[in-house]
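Results of the structural survey
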Amino acid sequence: MAEVEKGTWKVKVGLAQMLKGGVIMDVVTVEHAKIAEDAGACAVMALERVPADIRAHGGVARMSDPELITRIMDAVTIPVMAKCRIGHFVEAQVLEALGIDYIDESEVLTPADEEHHINKHAFKVPFVCGCRNLGEALRRLGEGAAMIRTKGEAGTGNVVEAVRHARAVLGEIRRLQGMAPEEWMAAAKELGAPYELVVQVAQSGKLPVVNFAAGGVATPADAALMMQLGVDGVFVGSGIFKSADPARRAAAIVKAVTHYNEPKIVAEVSRGLGEAMPGLEIAAIPEPERLAVRGW
Amino acid sequence: MTKTYGVLALQGAFSEHVQILRQMSVQVVEVRLPEQLAELDGLILPGGESTTVGKLAVAYNLVEPIREMALRGIPVWGTCAGMIMMAKDAGHRQPLLGVMDIVVKRNAFGRQLESFETDLTIPALDEIAVTGELGQPFRGVFIRAPVIESFAPNVQALACLKDGQVVAAQQGNMLVTAFHPELSSDTRFHRYFLSLAT
């Protein structure tokens, strides 16, 4: 029998494929992680603070304490993800050394490099990266990301930016599909994306990796909305543990993602969940405090 | 008459199975609710997170009807998380179908960094091999994969790793694989499943 190959593109992308149709939840304690797992999360994101608190706290947001991350890894059987700063490849090396299942090179943390993202091909652990449009998604794939998420605006409980970014990515894919081959190079130039990936998307009509929505999902209906728009699953950050009844809301969002095309079920699971997290108007956030613009 | 196969679509890599089945001129139904199980000629339980899938299967009353299908002899195939669902024992307190006489160990190789690809020798696939496929290895993609730790005498091991760990097995019309044939372009496992008599 041939040798065993680890860290291949297929196993990196493959784990994200196993997460599809699921909800990845931000958790800041072992207790949260267990609540998320019990509610049916397909993975958790281990963090010191959810984005709403990062926003409120201000200052430089960094990778979480390895102690917290490992305690969460030990507490649940589902995959555990953790965030590193954009361009901070040593934080990524630390997370890989901890044996984390997926790294999110995230705009929610304060960027460490304002020109370059991490060369993700250099790692055996897979990465997920945020995007606001197709060009950004394909640049991240070019750098080796094995999963994409639309950014939305984290920590706001406002789904409007998540919708904007998902529509941008999916709309641009549809536009590429309608192009003649001689138009692909100009499209690659315009998108700022690698030509080979533009050709692949134009021909297949989809991203070559799994694409989740993130940033502002707070209700079961928000989650089902993103699924109907055409993403493969959702990240919920502050939306669960900043709400009145996290366990019930988490389970409801899981069910709404599975049954996103069944309005009766979405209605049923939305009953009596208590207060959602308080939302923020995007226009009320000063330009320098918007997270989605981080990343290049 | 065209046969109809279901793919459990609660969570996980169900669309990959749906796409492969659609290339094989069978009807395909995505199963999220019990009424979608009616009159299926077979069912695939895909990879995903077994705890998530198990909880949703319980919440939407799918456990009993799927168990009955499997026990009636309708072909059911579980890949990875689906294999965990099929087992009578998964070494962890979680909802299972518990139809197959196997004991599985979840995340048997460790976390994602230990996920791997390797070539497997699977003699049973020669039954459905077409020209050029006979005796060819099957590329196994193992993602945070389980293994079959032990099994009853009525269970047949179909594939083993080099160290002898069992990663595919069959009991009557019940089939399990710890790896993901739906992630490769090799359709032999899907054809083998469709060849199981209904």
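Relevant structure appears above.
Definitions and limits used
- Residues numbered from 1 in each chain as written.
- Chains lettered and ligands numbered in written order.
- Predicted model: local features only at pLDDT ≥ 70, side-chain atom pairs only at ≥ 80, totals over all residues.
- Heavy atoms only, no water.
- Buried < 20%, exposed > 50% of the residue type's maximum accessible area, 1.4 Å probe, protein only.
- Helix = DSSP H or I, 4+ residues; strand = E, 2+ residues; numbered from the N terminus.
- Arc of directions from axis to C-beta.
- Contact = heavy atoms within 4.5 Å.
- Buried area = accessible area lost by both parts, 1.4 Å probe.
- Salt bridge = Lys/Arg side-chain N within 4 Å of Asp/Glu carboxyl O.
- Polar contact = N/O pair within 3.5 Å; in protein donor to acceptor, adjacent residues only side chain to side chain.
- Nonpolar A, V, L, I, M, F, W, Y, C, P; charged D, E, K, R; others polar.
- Phe/Tyr/Trp six-rings, centres within 6.5 Å; stacked < 30°, edge-to-face > 60°.

Okay, helix H3 (residues 63-72) of chain B next. An α-helical turn contains 3.6 residues, so a residue and the one three or four places further along point in the same direction. All names here are of chain B. Residues of H3 that are buried: Val 63, Ile 66, Met 69 and Ala 70. One face of H3 carries all of its buried residues, which in axial projection span an arc of 130 degrees. Looking at H3, the residues exposed on the side facing more than 90 degrees away from the buried face are Leu 71 and Arg 72. Where H3 is buried, its residues meet strand S1 (4-8), strand S3 (42-45), helix H2 (50-59), strand S4 (76-79) and strand S12 (174-177). Looking one or two places after H3, you find Gly 73, whose phi comes out positive at around 95 degrees.

Right, let's talk about the interface of chain B and chain A for a bit. At the junction of the two partners, chain B supplies 43 residues and chain A supplies 46 residues. Here chain B meets chain A over a buried area of about 3,500 Å², counting both sides, of which 55% is carbon and sulfur. A per-residue breakdown of the area chain B buries against chain A is headed by B:Arg111, B:Gln112 and B:Leu113, which together make up 20% of the total. Between the two partners, chain B and chain A, sit five salt bridges. The partner of B:Arg139 in a salt bridge is A:Glu5, with the nearest N and O atoms 2.4 Å apart. Taken together, the links from chain B to chain A amount to 26 residue pairs in polar contact (both at pLDDT 80 or more). Counted by class, the side of chain B that touches chain A contains 15 nonpolar, 15 polar and 13 charged residues.

With that settled, consider the side chain of B:Gln11. As for its position among the elements, B:Gln11 is in the loop between S1 and helix H1 (14-22). Here A:Leu19 takes part through its backbone oxygen, which lies 3.2 Å from a polar atom of the side chain of B:Gln11. Engagement of the side chain of B:Gln11 in a polar contact is seen with the backbone nitrogen of B:Glu49, the distance being 2.9 Å. Apart from residues lying up to four places away in sequence, B:Gln11 is in contact with A:Met18, A:Leu19, A:Lys20, A:Gly21, A:Gly22, A:Cys42, B:Pro46, B:Gly47, B:Gly48, B:Glu49, B:Thr52 and B:Val53.

Okay, the packing of aromatic side chains next. All names here are of chain B. Summed over the entire model, instances satisfying the criterion amount to 13 aromatic pairs over all chains. Centroid distance Phe 116 to Phe 142: 4.6 Å. Interplanar angle 10 degrees. Geometry classified as stacked. Highlighted residues: Phe 116 in strand S7 (residues 116-120) and Phe 142 in strand S8 (residues 138-142), separated in sequence by 26 residues. Of the two residues, Phe 116 and Phe 142, neither departs from the other in class, the shared state being buried. A connected cluster of aromatic rings, assembled from ring pairs, spans Tyr 5, Trp 77, Phe 109, Phe 116, Phe 138, Phe 142, Phe 179, Phe 189, Tyr 192 and Phe 193.

Residue and element names in this part refer to chain A. The buried fraction of helix H10 (residues 220-229) is high, at seven of 10 residues. All of the buried residues in H10 are Pro 220, Asp 222, Ala 223, Ala 224, Met 226, Met 227 and Leu 229. At its buried positions, H10 is contacted by helix H7 (160-177), strand S8 (210-213), strand S9 (233-236), helix H12 (246-258) and helix H13 (263-270). Downstream of H10 by a residue or two, Gly 230 has a phi angle that is positive, lying close to 120 degrees.

Next up on the list: the side chain of B:Arg188. Residue and element names in this part refer to chain B. Among the structural elements, Arg 188 can be located in helix H5 (residues 188-195). The buried category is assigned to Arg 188, whose relative accessible area is 3%. Within the local environment of Arg 188, its side chain forms a polar contact with the side chain of Asp 186, the two groups lying 2.8 Å apart. Look past the residues within four positions of Arg 188 in its chain and what remains in contact with it is Leu 125, Ile 128, Glu 133, Gln 136, Pro 137 and Phe 138.

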